Amino acid sequence: MKKAVGVYVNKNILHFVVLGRGMGRARLLAAESIKIPPDVTIGSVASSVKPIDTTVKQANAKPGHQKTLTAFEFAVKNLFNQHNVKDGQIIAAALPPEFIVIRYFQMARLSVTEQKAAVPFEARKYLPYKLEDVVYAYTISYDKVASNKMAVIFVAAEKAPAANYIRFFENIGFKIGYLEAIPYSLKRFFYYIKSVELAQTTALMHVCQDSANINLVRNKVLYLTRNVSFSTKADDKFDSLLSEARLSFDYFHRQFPEEKIEKMIIWSDDKDIQVRAENVGKDLNVQTKTANPFDGIEGASGYSVEYAVSTGLALRSIYEPNHDINLSPGFRLIEVEKLIKLFIVELCIAV
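Let me begin by describing the structure that accompanies this report. Every value quoted in this text rests on a predicted model; they were computed, and no experiment measured them. The written sequence of each chain sets the order in which its residues are numbered from 1. Note on the predicted model: pLDDT of at least 70 is required for a residue's local features to be given, and 80 or more for side-chain atom pairs to be given and counted; whole-chain, interface and lining totals, by contrast, use all residues. Only heavy atoms go into the side-chain values, all of them from the structure, while hydrogens and water stay out.

## As for helix H1 (residues 71-82)
In step 1: Secondary structure counts use DSSP, requiring at least four H or I residues in a row for a helix and at least two E residues in a row for a strand, with both numbered from the N terminus. One less than the number of residues in a helix, times 1.5 Å, gives the span that helix is expected to have. The first and last C-alpha atoms of H1 sit 16 Å apart over 12 residues, in line with the 16 Å expected at 1.5 Å per residue.
In step 2: On its buried face, H1 sits against strand S1 (2-9), strand S2 (13-21), strand S3 (26-35), strand S5 (68-70), strand S6 (90-95) and helix H3 (159-171).
In step 3: Phi turns positive, to about 60°, at Asn84, one or two residues after H1. Pairs of residues are marked as contacts when any of their non-hydrogen atoms sit within 4.5 Å.

Spelled out as structure tokens, the structure:
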């Protein structure tokens, strides 16, 4: 059975999902979380992991090559190992929204060769950072544009946080094969479970305790993404959510006045949001659905929707390894290693 690992780390919690795929659809093999201590930071500009007093030796390191791990690093490594995720496993990870910039813009249609130089040059107008200070990737779409235009979805992350995330997992023995932004993980998840039809313009709204992620997608193209924070009080939270959704819808309609948002999917562990979600749909005049997305994954019924991002990441390793945005600079090296191993196997067979 092919095994895929998805990991999402926010400010407080590391979410970990393992999916397996045999002859049929993906099956959830494990889903766990581990709290991040207050004195530990992953992805900070200053340091990938702040040291803490307790240290341990990496158990399976070669003699003379042992690494000293912090207690938190060891706890994460132990969590992976408990679920038979061995050292060297290629995993998929997502950067938190505060480290990511996603921009949608249109430009004159160009050949693939011309795009490589022209797209980053054009993207500089829309970035709050210098191009040399970020890692970036982009996709091209011809949906909803004039025949002489192309749409660009440009994703950039500051180099230091991205490097620190990769370094953290490499330090405990794993490889970041795929590094992307949360909206892509969620988009992939909902297309996989068939909650979203390709031709529909759909709003995906993931509501957490004190924040929400709002995305507008069609034909697997991400047209808008926003991450918003709000009060944890029930009434204030609901009002803020409605207000932010309305702002997102209004912005989309200004950009694409001829288009209509046909469906909205809201998912949350907050029961009050689930109950009141229908009112959001009525206010915005859009069909609204509330459901636990894990009902569409074998073996995942009843799990917290907080694992949605990690599940979307794991799905990439199984179904879309070479598609979509990837901010991992080590991806090409991993692909080369795979080709070398394949060459060696074929050579041995030939001999």
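Anyway, onward from the coordinates.
## Quick look at the packing of aromatic side chains
Two aromatic rings, taken as a pair, are described by how far apart their centres are and by the angle between their planes.
In step 1: Whether two aromatic rings pair depends on their centres lying within 6.5 Å, for rings of Phe, Tyr and Trp, where Trp uses its six-membered ring; planes under 30 degrees apart make the pair stacked, over 60 edge-to-face, and the rest tilted. Tallied over the entire structure, the rule returns 18 aromatic pairs.
In step 2: With a centroid separation of 5.1 Å and 25° between ring planes, the pair formed by Tyr136 and Phe154 is classed as stacked. Separated by 18 residues along the polypeptide, Tyr136 in strand S8 (residues 134-141) and Phe154 in strand S9 (residues 149-158) bring together distant segments of the chain.
In step 3: Overall, Phe154 belongs to the buried group, its relative accessible area being 0%.
In step 4: Each ring, one from Phe189 and one from Phe294, has its centre 5.5 Å from the other, and the planes form 55°; the classification is tilted. Here the residue Phe189 occupies a position in helix H4 (residues 182-192), and Phe294 occupies one in the loop between strand S15 (287-290) and helix H7 (308-319), the gap between them amounting to 105 residues.
In step 5: Between buried and exposed lies partly exposed: a residue is buried under 20% and exposed over 50% of the maximum accessible area for its type, with that area taken using a 1.4 Å probe on protein chains only. Taking the relative accessible area as the measure of exposure, Phe189 reaches 0% and is therefore buried.
In step 6: Working rule: Lys NZ or Arg CZ, within 6 Å of ring centre, within 35 degrees of ring normal, means a charge sits over the ring. Lying over the aromatic face of Tyr192, Arg25 brings its terminal NZ or CZ to 4.3 Å of the ring centre.
In step 7: Above the plane of the ring of Tyr191 lies Lys220, whose end atom (NZ or CZ) is 5.8 Å from the centre.

## Points about unusual backbone geometry
In step 1: Notably, Asn84 is not glycine yet its phi reads approximately 60°, a positive angle.
In step 2: Its place among the elements puts Asn84 in the loop between H1 and S6.
In step 3: One non-glycine residue, Lys144, adopts positive backbone phi at about 60°.
In step 4: Relative to the assigned elements, Lys144 resides in the loop between S8 and S9.
In step 5: Judged by its relative accessible area of 16%, Lys144 is buried.

## Structural notes on the pattern of salt bridges
In step 1: Throughout this description, the term salt bridge denotes a Lys or Arg side-chain nitrogen within 4 Å of a carboxyl oxygen of Asp or Glu. Across all of its chains, the model carries 11 salt bridges by this definition.
In step 2: Measuring nitrogen to oxygen at the nearest pair gives 2.7 Å for the salt bridge that ties Asp87 to Lys77. One end of the pair, Asp87, is in the loop between H1 and S6; the other, Lys77, is in helix H1, and 10 residues separate them in sequence.
In step 3: Relative accessible area serves as the criterion here: at 31%, Asp87 is assigned to the partly exposed category.
In step 4: With its nearest N and O atoms 2.9 Å apart, the salt bridge here joins Arg188 to Glu180. The pair Arg188 / Glu180 is uniform in exposure class, with both members buried.
In step 5: One salt-bridge network, held together by shared partners, links Glu180, Lys187, Arg188, Arg316 and Asp324.

## Here's the deal with the sheet that holds S8
In step 1: Pairing between strands is defined by DSSP: at least two bridges between them are needed. Spatially, 3 strands are ordered S7-S9-S8 in an open sheet, and the strand pairing comes out antiparallel. Every interior strand has two partners, whereas the edge strands, strand S7 (100-108) and S8, have only one. Each strand of the sheet is rotated relative to its neighbour by a mean of 20°, with strand direction disregarded.
In step 2: Sheet analysis places S7 next to S9, joined by 9 bridges and oriented antiparallel. By the bridge assignment for S9, Tyr104 is matched with Ile153.
In step 3: To obtain an axis, a line is fitted to C-alpha atoms, over the contacting stretch when the element is a helix, and the angle between two such axes runs from 0 to 180 degrees between their N-to-C directions. Sheet contacts for H3: S8 and S9; angle to S9, the most-contacted strand, approximately 65°.

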